[in-house]
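Geometric and topological summary
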Amino acid sequence: MSASQTRRVTVALEGGGSLGAFAWGALDRLLDEPGLEIAVASGASAGALNAAMLVQGLATGGRAQAKELLERMWRRVAVAAGSPDMPGVDWLGAFNGAMAPMVGAFRRNMYPGPHNPFARNPIRGVLEGLLDPSVFGRKGSPVLVVSATRVRTGEPRLFRDREVTADVLLASCCLPELFPTVEIEGEPYWDGGFASNPPLRMLIEAGVPEDIIIVRATPVARPDAPHGAAGIQHRAAELAFGGPLRLELRNLAVAQRLLRELPEAPGVLGRLRDARLHMIGAEEEFRALGDSHPDPTWGFLRKMRDVGVSTTEAWLAENRGAIGERSSLDLSGLAAPGGELGEMAKRGRAAGAAA
């Protein structure tokens, strides 16, 4: 594909604890795709960490550097969770004891655990010496957008480029059951997954590239209701963190259905009408994990990374031609009452395969 055929996209990365390693793999594969340029990266929670490493790498050393930083970050997550079965663990040092709560923090779907007695978010140790916020907003680099939730109102706040600091990333990953509330400019913040997971509509209204690739980190649906306290708590966490994305997609579906009937849709209305949505997720693999809460060991994170690579490879084979042309995610089922996201995803995959 020639430079004139380069397709600029926005990636929107869902948070999901250790399942965020799936997005690491998805990004790895997208970075290898010829003619695809990631112009905007947005995310919440673990998705925010992925987005930050992606943008920092692209700003400082291109695609190879982005891939290296993503792997280094997830290696540090594993070490912080007590899985030092890899080279380069000497950085951990005095953090060994303080990092133990990471096991709970990075469990799948951010399942709550005991409060951190050290009153320190261990993700700070993961980012120290790795994160360089000074490169965000650099000319020619992707735009970075990170969401956090205002504790007082429950509304999302989107931090962009130079606004994104280590504290902002800690805010985006802050589960109040585990870590201290993060204050920024006197405002208390919690995990971005509560309100905007990941940001979509506000980005579209602001004028990001029309093709938006959503990378999920949770299952769309489960076939059965859970039984037992652990299963119920686990599913409740999935619903809480998956709800914002479902709501955003439903709102976009209704907006696009209505706007298609207008002869003209200038400005923000036109951007909402013309947005092309795509979604990458590993529904069967996510479901197969059941109600377990795997610790973020290096083996598990690497497994999820590999699933992300292979899933994205298959998605590109089916939907590569849709990028720049049409949505591969069929939103029509969400525009009417009773629409099901799972059926919508199936129709989107079938439409991409038939094209």
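What you see is a predicted model; the values in this text were computed from it and never measured.

Rules of the game
- Residues numbered from 1 in each chain as written.
- Predicted model: local features only at pLDDT ≥ 70, side-chain atom pairs only at ≥ 80, totals over all residues.
- Heavy atoms only, no water.
- Core = buried A, V, L, I, M, F, W, Y, C linked by side-chain atoms within 4.5 Å.
- Buried < 20%, exposed > 50% of the residue type's maximum accessible area, 1.4 Å probe, protein only.
- Helix = DSSP H or I, 4+ residues; strand = E, 2+ residues; numbered from the N terminus.
- Pairing = 2+ DSSP bridges.
- Salt bridge = Lys/Arg side-chain N within 4 Å of Asp/Glu carboxyl O.

Right, let's get into the nonpolar core. Counting residues in each nonpolar core, the largest one holds 72 residues, and the members touching the most others are Val-11, Trp-74, Leu-169 and Ile-213. The element that contributes the greatest number of residues to this core is helix α2 (residues 46-60), accounting for nine residues. Residues Ala-39, Val-40, Met-279 and Leu-334 belong to the second largest nonpolar core, which totals 24 residues.

Bringing the pairing of strand β1 (residues 7-13) into the picture now. The buried fraction of β1 is high, at five of seven residues. Across seven bridges, β1 lies against strand β2 (residues 36-44) in parallel orientation. Bridge pairing in β2 places Val-9 opposite Ile-38. Strand direction decides the pairing type here: β1 and strand β7 (residues 211-215), joined by five bridges, are parallel. When the sheet's bridge partners are listed, Thr-10 is paired in β7 with Ile-212.

So, about the pattern of salt bridges. Considering all chains together, one arrives at 18 salt bridges under this definition. Close ionic contact of Glu-205 with Arg-201 constitutes a salt bridge, the shortest N to O distance being 2.9 Å. Taken together, the residues span about one helical turn, with Glu-205 and Arg-201 both in helix α7 (residues 201-206) at a distance of four residues. Given a relative accessible area of 29%, Arg-201 falls into the partly exposed group. Close ionic contact of Asp-274 with Arg-273 constitutes a salt bridge, the shortest N to O distance being 2.8 Å. Take Asp-274: its relative accessible area is 29%, and that puts it in the partly exposed class. Within the structure, one salt-bridge network assembled from shared partners comprises Asp-28, Arg-302, Arg-305 and Asp-306.

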